Amino acid sequence: MIEPFVSVVIPTYQRAARLERLLSALEKQTYKNFETIVVDDGSTDTTRDVAKNRPVKYVRLPHRGRVYAKNYGAKEAKGSVVLFLDDDGIASPNLVHEHARLHGPSNIGVVGGSLFSPRQYPNVAAQQDRKRFLKRIWDIVVYLGLKNETGRILPNGLTIDNFEPKGKVREVDHVPGGNMSVRKSAFEEVRGFDLCYYGVAYREETDLCVRIKRKGYRALFNPKALLLHERRLPKNLRYYFERSDNELYFVLKNSLIKKKRHWLSYLMWDFKKGISVCGITNLPYWYKAKINAMRRVRRHYVSESLVS
């Protein structure tokens, strides 16, 4: 088996305690042929001290967002494979190995692993259980027969995730951004993550997968590459507005919806989601985010035409 050199890139912001736990887990990896790069996105806590006390490469940047930090980390990477991990996770001992072993064939561009909430965080597990239940209901009612799919992009631009630690390695349309590895040559070929994804940067990893697959590479999901994820969803509306904005930008930019009936399906889903998240009184702000997405798509294509 060829053991590629892997560069583990961890973008982080104001999460010193969680970063320290992740770095401790990486030191216990069974796979040793890798480096760790911590990209500090302008933190003001003890992130610097945590990183300096570990055998990692530490890079500090002014606060410019997670997507910029990821791209900068990939630029600093020496490995032929770049593994992006969220700073609020705990890596299983064989996580790096499970990513590296699938990057042998030259046509493998992306590998994703499982994101799973450990039961020792009951509040997080409950959040994800509720989200997973509602997601399954949506799958069954609207897309009957797709409920067991993994990493699927649907005709109306929406996605099915189901990145659970079960089953076999399988080919997918997209992978989770908090536990994904990319062949560096493919990453550079598509010029990395799109910096137009801002704030919470929702769907920037899905966008990257779409562009890499269009170059002829394959994307795989490996349920054995396990990252225990201690994610807590914020309660402020700005978070959901940014997610909504980035999601529509992803759909429009990649021209995913090609039929009117799929557009109708997307708009109905988006309207119901807007009401459930922010209520009727805040719907104008919800759709203001949509207008922002359309403007960013226009800027994207203008810049692309200038480059070409």
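Residues numbered from 1 in each chain as written. Predicted model: local features only at pLDDT ≥ 70, side-chain atom pairs only at ≥ 80, totals over all residues. Heavy atoms only, no water.

## Considerations on the side chain of serine 92
Thought 1: Secondary-structure assignment places serine 92 in the loop between strand E5 (89-91) and helix H4 (95-100).
Thought 2: Take serine 92: its relative accessible area is 13%, and that puts it in the buried class.
Thought 3: A distance of 2.9 Å separates a polar atom in the side chain of serine 92 from the backbone oxygen of leucine 226.
Thought 4: Excluding residues that lie within four positions of it along the chain, serine 92 makes contacts with Gln29, Lys224 and Leu226. (Helix = DSSP H or I, 4+ residues; strand = E, 2+ residues; numbered from the N terminus. Buried < 20%, exposed > 50% of the residue type's maximum accessible area, 1.4 Å probe, protein only. Polar contact = N/O pair within 3.5 Å; in protein donor to acceptor, adjacent residues only side chain to side chain. Contact = heavy atoms within 4.5 Å.)

## Some points on the pairing of strand E4 (residues 81-85)
Thought 1: Taken across its five residues, E4 has five buried, putting it largely inside the fold.
Thought 2: Along E4, one buried face is formed by Val81, Leu83 and Leu85 and the opposite face, lined by Val82 and Phe84, is buried too.
Thought 3: Across four bridges, strand E1 (residues 6-12) lies against E4 in parallel orientation. The residue bridging valine 9 from the neighbouring strand is phenylalanine 84, located in E4.
Thought 4: For E4 and strand E10 (residues 179-183), the ladder comprises five bridges, and the chain directions are antiparallel. In the sheet register, valine 82 faces E10, and the bridge partner there is valine 182. (Pairing = 2+ DSSP bridges.)

## Observations regarding the environment of glutamate 205
Thought 1: Tracing the backbone through its elements, the reader meets glutamate 205 in helix H7 (residues 204-214).
Thought 2: For the pair glutamate 205 and glycine 178, spaced 27 residues apart in sequence, the C-alpha separation works out to 8.8 Å.
Thought 3: Discounting chain neighbours no more than four positions away, the residues touching glutamate 205 are Val175, Pro176, Gly177, Met180 and Phe193.

## Some words on H7
For the α-helix, the turn length of 3.6 residues means that residues three or four positions removed from each other point alike.
Thought 1: Burial within H7 is extensive, with nine of its eleven residues counted as buried.
Thought 2: For H7, the complete set of buried residues consists of Glu204, Glu205, Thr206, Asp207, Leu208, Cys209, Val210, Arg211 and Ile212.
Thought 3: Just downstream of H7 lies glycine 216, where phi reads positive at about 100°.

## Some remarks on the pattern of salt bridges
Thought 1: Inspection of every chain in the model, using the stated rule, returns 15 salt bridges.
Thought 2: The salt bridge partner of aspartate 40 is arginine 60, with a shortest N-O separation of 3.2 Å. With aspartate 40 in strand E2 (residues 34-40) and arginine 60 in strand E3 (residues 57-60), the pair connects residues that are 20 residues apart, well separated along the chain.
Thought 3: A network of salt bridges, in which partner residues are shared, links Asp194, Asp207, Arg211 and Lys253. (Salt bridge = Lys/Arg side-chain N within 4 Å of Asp/Glu carboxyl O.)

## Things to note about the environment of threonine 47
Thought 1: Checked against the element boundaries, threonine 47 lands in helix H2 (residues 47-52).
Thought 2: Exposure remark for threonine 47: the relative accessible area of 0% places this residue in the buried category.
Thought 3: Threonine 47 sits 29 residues away from arginine 18 along the chain, and the two C-alpha atoms are 9.6 Å apart.
Thought 4: Setting aside its immediate chain neighbours within four residues, threonine 47 contacts Thr12, Gln14, Arg15, Ala16, Leu19, Asp40 and Tyr58.

Honestly, it's all geometry; don't read function into it.
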